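# Structural overview
Chain residues, written in single-letter form:
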Amino acid sequence: MTVFLTLLILTLISVSIWQVSKILELSQPKTESTEVADDNDNETQGKLMFAFLIFIYILTIFSFWKWGDVLLPEAASEHGSEYDSLMWVTFSVIFFVQTITQALLHYFGYKYRGIKGQKALFYSDNDRLEAVWTIIPTIVLAVLILYGLYTWNDIMFVEENEDALVVELYAQQFNWKVRYGGEDNVLGDANVRFLQDFDGKNLVGIDVTDPNGLDDIVVQELHLPVGKEIQFKMRSQDVLHSAFMPHFRAQMNCVPGMITEFAFTPIKTTEQMRMEPDVISKVRKINEIREFKSKKLIAQGEEALEPYVFDYLLLCNKICGASHYNMQIKIIVETENEFNKWIKSQQTFSQFIQ
Amino acid sequence: MSAESINMHEEDHEHHHKETFITKYVFSQDHKMIAKQYLITGLFMGIIGIAMSLLFRLQLAWPEKPFGIFDLLLGKWAPDGVMDPNVYLALVTIHGTIMVFFVLTAGLSGTFSNLLIPLQIGARDMASGLLNMISFWLFFLSCVLMISSLFVEAGPAAAGWTVYPPLSALPQAQPGSGVGMTLWLVSMAVFIASSLLGSLNYVVTVINLRTKGMTMSRLPLTVWAFFVTAIIGIVSFPVLLSAALLLIMDRSFGTSFFLSDIFIQGEVLHYQGGSPVLYEHLFWFLGHPEVYIVLLPALGITSEVLATNARKPIFGYRAMVASILAIAFLSTIVWGHHMFISGMNPFLGSVFTFTTLLIAIPSAVKAFNYITTLWKGNLQLNPAMLFSIGLVSTFISGGLTGIILGDSTLDINVHDTYFVVAHFHLVMGISALYGLFAGVYHWFPKMFRRMMNKNLGYIHFWVTAICAYGVFFPMHFIGMAGLPRRYYTNTNFPYFDDLANINVVITVFALIAGVAQLVFLYNFIYSMFYGKKTEQNPWRSNTLEWTAPIEHFHGNWHGKIPHVHRWAYDYSKPGYKEDFVPQNIPLKKGEEELQH
């Protein structure tokens, strides 16, 4: 029925558009009915061109006013602020160019709308002008490239660091597992061939012949100590996944058959982050939505939704199958003491398989 | 009769060989008919592709709500009218494949390269009419294969349009990676063969069959764009073919090109030593130039339409040609910017950042030249002109965000989010579609001897233009908020709940845009049969196609092919009464040809 109604409405809309266009056509003077734009068309369309420019500006302002707060969530890693300043510098360049060029384009579209009998200016070349708009973008881009590469090198080249904590992120359809190196902070060798050992208790396929692996700790949640460099090693057992941690400005694909790397230093614990004004207002917004939904649910005789509290997330960001949208875990950033306490309470691999 | 021999006798030449319905409308070797076949097939695929996007937009705005339309169109894949997650992924995948390859590559380039190359360079047909015909029918076959994949038991390919293995290689990984994926790969292989035959033909035709006086520096920018596009296609499409063949081998013959160390569904697979990253390299070696295969013809069309309707020479012809060549060259060495976080060496990432951002320079030159072309023009705001101006607008808006995505550092946090979706839809999707529409409105009289209704054209443009920004502008925001693309729903956990209303806004705009395309479709079909009859040169244009008679026959011109005496952009040239001087008009005594 809905389908039928939709189709009916669509048909009616098309019929009415056709009728309107017929009326427009008939209302024009009969003598020069042509499908080529005449002065009237140029006049109307030129003005619409100008109106469209205003539309673009209004849309931009409206979007920033209404949704500006969702842009780039509060950064929680050491390189986060570097990333953010590069982003805002680039963004302002883009914004400036966008504003100017759209204005020129649409304003010219309005200003020079055609009038019958008038002639355009025969102006086909100006080397100096063209040199200007080749050289200026080149300089601006050169600056952006250098600035970008500088930051890139800073973020991506993982240096040897004895104090760093090594953490393996292990991806599978459709969840994450986390492995810590244990006492020695060294991850034992691993391969998917060992996954079925110990009745499937070898959750990430640790090679038992490698002594480094015995004290490894495999868990289903990601705990990180604040203020310490974390060196991630990523693996996947089946298809491509991507470990995406938006608050830490961190992302790396997990590729079956190889180990990929990413490193960052978290600078705010989950608790601290929950006190950030931006996060507080986001949580408030989400809870308003959830309360609204809850009212509906209660009216239907179902249970209300629990209120939302902020947590860092590790999301899968590479299409990996049906439940791709639901492949995420919490990241808990805590003080080093809390972290040590937590990790001590976990079973090591050798204890677990016993 | 082959095209070479047609060109050889330039003398008065009429064709009297008999044409049956089959040779005229079905297995035609006439480039004009083949162009129309491409256009109509492309539009048909476009309807499917756009309809799919509307379906998954409904799901995104109102997740897991039952819709009657899902029940009707998706049947068992939408139990009780609620879309299944696998089907969501399949729709996204096939939407991408159809729009990129079938609509914007074949539908756009196939149509206008075929129609315009011979007509604008003054040739009686393509170099090989036969290859041209085979090219179209291979394309048709690949369309049939792609559509047939929608009807297989487990559903069509669903691994994203990039079909990265292992997801696409292992039927255990998702239902779409079974027969559906096989059909996808075979369809693409056939498509590539079609595209190569077409491209070779375009290149040979442009090089060999230009009429007297049509030097390369007098070629209209449309032909330049089609010519360079064809070269990019020849260079990069074979690499995709090899990727597809290797993937077929991995899937069906147990090789391990892209697979290694896989455990799935309780089973260790035998694959050893391959790498999905290799596939990514091969795929994007085509995948990135593909963007320009889609975009350059649209820019070529824009150059022609802008100059004609501004009644002004295109500004900086030489720079325009140079930037087309620069973009073409750079496009083949930037593919790695799709792989900054694929596990590739970060140093390689720096190199690709450098080459990628370089591409912004020729692109900026093009945008500025377009804007200057409008300056002090006498703009005839026909629907084609509006779409061309619209193209410049979306090309700028979408292109600028490329500076963020092309920067490896910034890519880290926006990679594979809706920010990317917004970027490439504006810069290549919408821009190329606008190019297609501009081309259709502008050359409709050439193709169908009738004019399209301009008022419907205006409605079509303005609704589409508003909706295009309405759909894609907000997407930048949800992308920067960290929302990953290809999520069946983003309300499964509360973190993104505050973005739900933005999704509703986007979907509403998308639905309105969909309806606006019906206006175009109606206008297209109605005008084909009942449109106002056209004059020979309705837009008072300079290029050669408008010197050919209105009626179509194999060979394009009665009698001699016109000779060319000037470039295509002598609009409003001082010393002439009219504001245009067609290319076949000899220079007056003492008149200087522009040195360009």
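Since the model is a prediction, treat every value here as computed from it, not as a measurement. (Residues numbered from 1 in each chain as written. Chains lettered and ligands numbered in written order. Predicted model: local features only at pLDDT ≥ 70, side-chain atom pairs only at ≥ 80, totals over all residues.)

### Remarks on the overall build of chain B
In terms of helices and strands, chain B carries 17 helices and 2 strands. What you see for chain B is a C-alpha radius of gyration of 24 Å, in line with the 25 Å of a compact globule of 596 residues. Dimensions of chain B, computed from C-alpha atoms along their principal axes, come out at roughly 80 × 50 × 50 Å. Here chain B, with 596 residues, has 66% of them falling under the buried criterion. Long-range contacts, defined as pairs at least 24 residues apart, comprise 80% of the intrachain contacts of chain B with a sequence gap of at least 6. (Helix = DSSP H or I, 4+ residues; strand = E, 2+ residues; numbered from the N terminus. Rg over C-alpha atoms; globule rule 2.2 N^0.38 Å. Buried ≥ 20, exposed ≤ 12 C-beta atoms within 10 Å, placed from the backbone. Contact = placed C-beta atoms within 7 Å.)

### Digging into the packing of helix α5 (residues 85–121) of chain B against helix α6 (residues 129–148) of chain B
How two helices pack is summed up by the angle between their axes together with the distance between the axes. Residues and elements named next belong to chain B. Their axes nearest at 12 Å, the elements α5 and α6 cross at an angle of 160°. Taken together, α5 and α6 sit at an angle that is classed as roughly antiparallel. α6 is crossed by α5, and the crossing has left-handed handedness. Residues T97, I98, F102, A106, G110 and N114 of α5 form the contact with α6, whose participating residues are N132, F139, C143 and M146. Tallied by class, residues from the contact of α5 with α6 come to 6 nonpolar, 4 polar and no charged. (Axes fitted to C-alpha atoms, helices over the stretch in contact; angles between N-to-C directions. Parallel < 35°, antiparallel > 145°, perpendicular 65-115°, else oblique. Left-handed = near helix turned anticlockwise from the far one by under 90°. Nonpolar A, V, L, I, M, F, W, Y, C, P; charged D, E, K, R; others polar.)

### Notes on helix α7 (residues 277–299) of chain A
With 23 residues, α7(A) should reach 33 Å at 1.5 Å per residue; the first-to-last C-alpha distance of 33 Å fits that figure. Immediately downstream of α7(A), the backbone of A:G301 shows phi near 85°, a positive value. (Expected span 1.5 Å × (residues − 1).)

### As for the sheet that holds strand β4 (residues 222–225) of chain A
Residue and element names in this part refer to chain A. The strand order across the open sheet formed by 5 strands is β4-β10-β9-β6-β7, and the pairing between neighbours is mixed. Looking at strand neighbours, the two that pair on one side only are β4 and β7 (250–254), the edges of this open sheet. If you compare each strand with its neighbour and ignore which way they point, the axes differ by 25° on average. Two strands pair when backbone bridges link them, and strand β6 (residues 241–245) and β7 are joined in this way by 5 bridges, in the antiparallel orientation. Its bridge partner lying in β7, A243 is registered against M252. Sheet strands touched by helix α8 (residues 336–344): β4 and β10 (328–334). Its angle to β4, the strand with the most contacts, is close to 140°. (Pairing = 2+ DSSP bridges.)

### Examining the confidence of the model for chain B
Residues and elements named next belong to chain B. Mean pLDDT over chain B: 92, with 97% of residues reaching 70 or higher. Confidence drops under pLDDT 50 across residues 1–14; counting only partners more than four residues distant or on other chains, this segment forms 20 contacts. Interface confidence for the predicted complex, given as ipTM, is 0.92, next to a pTM of 0.93. (pLDDT = per-residue confidence, 0-100.)

### Re the interface of chain B and chain A
Opposite the 120 residues of chain B that make contact, chain A presents 111 residues. Residue classes in the side of chain B that touches chain A are distributed as 76 nonpolar, 31 polar and 13 charged.

### Notes on the pairing of strand β1 (residues 165–172) of chain A
Residues and elements named next belong to chain A. Extensive coverage of β1 is indicated by the burial of 8 of its 8 residues. Along β1, one buried face is formed by L165, V167, L169 and A171 and the opposite face, lined by V166, E168, Y170 and Q172, is buried too. Here β1 runs beside strand β5 (residues 230–236); their pairing, made up of 7 bridges, is parallel. Residue V166 lies in a different strand from β5, and its bridge partner there is Q231. By the bridge criterion, 6 bridges tie β1 to strand β2 (residues 175–180) in an arrangement that is antiparallel.

### Here we look at the sheet that holds β1(A)
Residues and elements named next belong to chain A. Spatially, β3-β2-β1-β5-β8 is the arrangement adopted by the 5 strands of the open sheet, whose pairing is mixed. With partners counted over all chains shown, the strands left at the sheet margins are β3 (217–219) and β8 (260–264), one partner each. Each neighbouring strand pair of the sheet contributes to a mean axis angle of 25°, computed without reference to strand direction. In terms of strand pairing, β2 meets β3 through 3 bridges, oriented antiparallel. Considered in β3, the bridge of Y180 is made with I217.

### Here's the deal with unusual backbone geometry
Omega for the bond connecting A:Q173 with A:F174 falls within 30 degrees of zero, at -10°, which places this linkage in the cis form. Inspection of the secondary structure assignment puts A:F174 in the loop between β1 and β2. The omega angle of the peptide bond from B:P165 to B:P166 is 0°, so this bond is cis rather than trans. With phi around 55°, B:S572 is a residue other than glycine that occupies positive phi space. Structurally, B:S572 is set in the segment after α17 (500–530).

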